[in-house]
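These are the residues of each chain, in order.
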Amino acid sequence: LVIGGGIAGAAAGLKASKRGLKVAVVDKAPIKHSGCGGAGLDHYNHIFDNPIQSPITPEEYMARAVTKSGKQGHGEYIHLKGSWEFLLELEELGLPIRDEDDDFAGTATRNEETKMLKAYDYKNFINVKLRGGQYIKVVQYYALKKAGVQMYERWTATSILTEGGKIGGRAVGATCLSLDTGEM
């Protein structure tokens, strides 16, 4: 069960489905166009694990971040360690990310080896301009559908059900409220 069908929730649903699990994604809005990613992304940040031209590793970035803030961001570290792989998975699903038409060939913004466009930091290859970023949620939606993932749209999760009803126990489901009918 994945609660939230945003970019990360859709990615989690797809990853679990690829591992052979029966998956359901619950979201309070239509998964295809809702949330912060609904309008798309024009760039993808912090690809420190790319094998091309990153000046810093995810570990070095996290060491600096912890030193500055005194906090450790496990979620951010997980993102940083899988950001390149995730970007390539989006491309595999059909999201255009490269300058295939060579519109920017020879410019400082393009990495010639990958045909990917750098965003914001034109010296380093750590932020990528997404050529088809406006379609990110649409691409994920159809991938979920193709994978047979059950999608519950316009349902909001109200509580997590745990094994034996024990607090902190293994999650086994959720109670949800339909935003259309009011049904639980």
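Definitions and limits used
- Residues numbered from 1 in each chain as written.
- Predicted model: local features only at pLDDT ≥ 70, side-chain atom pairs only at ≥ 80, totals over all residues.
- Heavy atoms only, no water.
- Helix = DSSP H or I, 4+ residues; strand = E, 2+ residues; numbered from the N terminus.
- Buried < 20%, exposed > 50% of the residue type's maximum accessible area, 1.4 Å probe, protein only.
- Core = buried A, V, L, I, M, F, W, Y, C linked by side-chain atoms within 4.5 Å.
- Contact = heavy atoms within 4.5 Å.
- Phe/Tyr/Trp six-rings, centres within 6.5 Å; stacked < 30°, edge-to-face > 60°.
- Pairing = 2+ DSSP bridges.
- Salt bridge = Lys/Arg side-chain N within 4 Å of Asp/Glu carboxyl O.

Engineer: Even after reading the chapter, I still don't get the side chain of Asn124, so can you show me in this structure?
Structural biologist: Along the chain, Asn124 turns up in the loop between strand E5 (116–118) and strand E6 (128–129). Residue class for Asn124 comes out buried when judged on its relative accessible area of 17%.

Engineer: Mind showing me how you'd approach the nonpolar core here?
Structural biologist: Nonpolar side chains in soluble globular proteins tend to end up buried together. Of all hydrophobic cores here, the largest spans 16 residues; its most connected members are Leu87 and Met116. Looking at this core, the elements that each hand over two or more residues are helix H1 (7–18), helix H3 (74–93) and helix H4 (136–146). In this structure Leu87 touches Tyr44, Ile47, Ile97, Met116, Val128 and Leu130, once residues within four positions along its chain are discounted.

Engineer: Before we go on, may I ask you to explain the packing of aromatic side chains in this structure?
Structural biologist: Aromatic ring pairs: the centre-centre distance and the angle between the two ring planes describe each pair. Per the stated rule, a full pass over the model turns up four aromatic pairs. With centroids separated by 5.8 Å and ring planes inclined at 40°, the aromatic side chains of Tyr44 and Phe86 adopt a geometry described as tilted. Here Phe86 lies in helix H3 and Tyr44 lies in strand E3 (residues 43–44), a separation of 42 residues in the sequence. Under the relative-accessibility criterion, Tyr44 is labelled buried at 10%.

Engineer: Just checking my understanding: could you explain the sheet that holds strand E7 (residues 150–153) for this structure?
Structural biologist: Note on sheets: strands pair through backbone hydrogen bonds, and any given pair is parallel or antiparallel. Sheet architecture is open: three strands sit in the order E1-E2-E7, paired in parallel fashion. Each of the sheet's edge strands pairs with one partner strand only, and the pair in question is strand E1 (2–3) and E7.

Engineer: Could you clarify how one ought to interpret the sheet that holds E3 in this entry?
Structural biologist: Here we have four strands laid out as an open sheet, ordered E3-E6-E5-E4, and antiparallel in their pairing. In this open sheet, the two strands that pair with only one neighbour each are E3 and strand E4 (110–111). Pairing analysis gives two bridges linking E4 to E5, with the strands arranged antiparallel. By the bridge assignment, Asn111 is partnered in E5 with Met116.

Engineer: Would you take a moment to explain the pattern of salt bridges for this structure?
Structural biologist: Oppositely charged side chains can pair when the atoms bearing their charge come close. The tally for this structure, following the rule as stated, stands at 12 salt bridges. Ionic pairing is found between Glu85 and Lys15, a salt bridge with its closest N-O pair at 2.9 Å. You can see Glu85 sitting in helix H3 and its partner Lys15 sitting in helix H1, a full 70 residues away along the chain. For Lys15, a relative accessible area of 30% translates into the label partly exposed. The salt bridge partner of Glu91 is Arg98, with a shortest N-O separation of 2.6 Å.

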